[in-house]
Amino acid sequence: VVLPLENQMKSLGLNTGLSKYLFSLRSTVSAGFAFSRSEYQQLQNGQLLPFESDAYSYKAGIEAKLNKFMNFSYSGTFSNSINKAKGAGVSTNYQQLRQQGGLAITMFKSVFLNLSAEHIFTHQSSQPDLKYLFADANIRYKVLKLKTDLEFGITNIANVKRFEAINVTANSLTVGTYEIPGRVAMLKATFNY
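Summarised in this report is the structure supplied together with it.

Cut-offs and rules
- Residues numbered from 1 in each chain as written.
- Predicted model: local features only at pLDDT ≥ 70, side-chain atom pairs only at ≥ 80, totals over all residues.
- Heavy atoms only, no water.
- Pairing = 2+ DSSP bridges.
- Helix = DSSP H or I, 4+ residues; strand = E, 2+ residues; numbered from the N terminus.
- Axes fitted to C-alpha atoms, helices over the stretch in contact; angles between N-to-C directions.
- Salt bridge = Lys/Arg side-chain N within 4 Å of Asp/Glu carboxyl O.
- Buried < 20%, exposed > 50% of the residue type's maximum accessible area, 1.4 Å probe, protein only.

1. Let's talk about the pairing of strand β6 (residues 111–124)
Relative to β6, strand β5 (residues 91–108) runs antiparallel, the two being bridged by 14 bridges. Bridge pairing in β6 links A104 to N114. Judged from the 12 bridges that link them, β6 and strand β7 (residues 130–143) form a sheet pairing that is antiparallel. Bridged to V111 within β7 is Y141.

Below is the structure:
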């Protein structure tokens, strides 16, 4: 329902980042920072109340060629969100750490192994902490004479079957719960013409 109420929202955002290739390590390292501030009014119990929200995000990562046949990548993001109602004493604080990593290995001339993982940790003061680890693995064999790729993969190795996502605003906490398939293995063949 769209209500015919005049209100205003002010937002400010800052985003910065840098990356550098380090020849001695054969790696690219990166870091970044983002900040956003919003001031707005929210209708609550028939009144427009002023709210403000600050969000900070810190990022770091590395992509490295460990040797001729192995590549490694890692990225991490820490986010902190602070939401408060001006003059009402209502405040929420929420932090999340998200880490992703991957390892790509050329085992033989036509055999490739990929491992990847993502770890998510969420803390919100009035709720229990949420922790998830998602990991996948696959191996691919190129049959050059037949122009065919044979691939075997396992997704969700940790067998996570329920995922909760949190959305925090100044005066509300919304939790979405998703049922997801557990561990899945798949064998497939791809033909190239």
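2. Side note on the sheet that holds strand β8 (residues 148–155)
The strand order β1-β2-β3-β4-β5-β6-β7-β8-β11 describes an open sheet built from 9 strands, whose pairing is antiparallel. Each end of this open sheet is capped by a strand with a single partner; those strands are β1 (10–22) and β11 (184–191). When strand polarity is set aside, the average angle formed by the axes of neighbouring strands in this sheet is 10 degrees.

3. Description of the pattern of salt bridges
One pass over the full model with this rule turns up 7 salt bridges. Residue K84 is joined to E52 by a salt bridge in which the shortest nitrogen-to-oxygen separation is 3.9 Å. Of the two residues, K84 is situated in strand β4 (residues 70–85) and E52 in strand β3 (residues 47–67); the sequence distance between them amounts to 32 residues. Here K84 falls in the partly exposed class, since its relative accessible area comes to 35%. Looking at E52, the relative accessible area reads 12%, which means it is buried. In this structure, a network of salt bridges that share partners links the residues R37, E52, D54 and K84.

In short, the description is geometric, and any link to function would need to be established separately.
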